[in-house]
Amino acid sequence: QVQLVESGGGLVQSGGSLRLSCAASPRTFSNYNMGWFRQAPGKGREFVARVRRSAGGTYYADSVSGRFIISVDDAKNTMYLQMNSLKPEDTAVYYCAAVNLWRGTTTLPSDYDYWGQGTQVTVSS
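Residues numbered from 1 in each chain as written. Predicted model: local features only at pLDDT ≥ 70, side-chain atom pairs only at ≥ 80, totals over all residues. Heavy atoms only, no water.

Visitor: Can you break down the overall build of the protein chain residue by residue, with the values?
Guide: In terms of regular secondary structure, the protein chain is built from 1 helix and 11 strands. When its helices and strands are written in sequence order, the protein chain yields β-β-β-α-β-β-β-β-β-β-β-β. For the protein chain, whose C-alpha radius of gyration is 13 Å, the value lies close to the compact-globule estimate of 14 Å for 125 residues. In the protein chain, of all internal contacts separated by at least 6 residues, the share reaching a separation of at least 24 is 59%. In the form shown here, the protein chain has an accessible surface area of approximately 6,300 Å², with 46% of it arising from carbon and sulfur atoms. Here the protein chain carries 12 positive and 9 negative side-chain charges, and the mean point of each set is 2 Å from the other. (Helix = DSSP H or I, 4+ residues; strand = E, 2+ residues; numbered from the N terminus. Rg over C-alpha atoms; globule rule 2.2 N^0.38 Å. Contact = heavy atoms within 4.5 Å. Areas by Shrake-Rupley, 256 points an atom, 1.4 Å probe, with all protein chains shown as cover. Lys, Arg positive; Asp, Glu negative; His and termini not counted. Charge placed at Lys NZ, Arg CZ, Asp CG, Glu CD.)

Visitor: Break down the packing of aromatic side chains for me, with residues and values.
Guide: Using the criterion set out here, one finds 7 aromatic pairs in the structure. Judged by centre distance (5.8 Å) and plane angle (25°), the ring pair of F47 and Y59 falls under stacked. Of this pair, F47 sits in strand 5 (residues 46–51) while Y59 sits in strand 6 (residues 58–60), placing them 12 residues apart in sequence. A relative accessible area of 12% places F47 in the buried class. Taking the relative accessible area as the measure of exposure, Y59 reaches 41% and is therefore partly exposed. Three or more aromatic residues joined by ring pairs form one cluster here, namely F37, F47, Y59, Y95, Y112 and W115. If you follow R45 out to its NZ or CZ, it ends over the ring of Y95, 3.8 Å from the centre. Above the ring of W115, the side-chain terminus of R45 is found at 4.7 Å from the ring centroid. (Phe/Tyr/Trp six-rings, centres within 6.5 Å; stacked < 30°, edge-to-face > 60°. Buried < 20%, exposed > 50% of the residue type's maximum accessible area, 1.4 Å probe, protein only. Lys NZ or Arg CZ within 6 Å of the ring centre and 35° of its normal.)

Visitor: I'd like a description of the environment of G42, backed by residues and values.
Guide: If you trace the backbone, G42 turns up in the loop between strand 4 (32–39) and strand 5. Taking the C-alpha atoms as reference points, G42 and Y32, separated by 10 residues in sequence, lie 29 Å from one another.

Visitor: So what's going on with the nonpolar core? Which residues, and what values?
Guide: M34, W36, M79, L81, M83 and Y94 are the most contacted members of the largest nonpolar core, which has 34 residues in total. Listed by contribution, the elements that provide at least two residues to this core are strand 3 (18–24), strand 4, strand 5, strand 7 (68–73), strand 8 (78–83), strand 9 (92–100) and strand 11 (119–124). Broken down by element, this core gets its largest block of residues, 6 residues, from strand 9. (Core = buried A, V, L, I, M, F, W, Y, C linked by side-chain atoms within 4.5 Å.)

Visitor: Tell me about the environment of A61, and please be specific about residues and values.
Guide: Relative to the helices and strands, A61 is located in the loop between strand 6 and strand 7. Of the residues examined, A61 reaches a relative accessible area of 13% and is grouped as buried. In contact with A61, other than residues within four places in its own chain, are F47 and V48.

Now the structure itself:
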């Protein structure tokens, strides 16, 4: 059973920073690629960033590239999303997700197999 639990969301002013965490069950990190998505009110779920476990490669949406950093700590079975220079348009519920390795690298929410419960990030102007 894959379990993902996000934490670290909150309210921050424009230009500020937050770090999200996604705690995973121990087997998850070795068997799945991981990603972050977000969903703003009235909008669909969109890709934010992903990390490829085997090669450690990362990939970001254009809207967050240069501001957000995805990373993993294998010893803690935890994935992080460091969010810097936050903007009001970053306001959303953020989700971590896991996808089977055989799917390779993907940014499509429909490809991901497991999801956390989400954590709210609100950026005030």
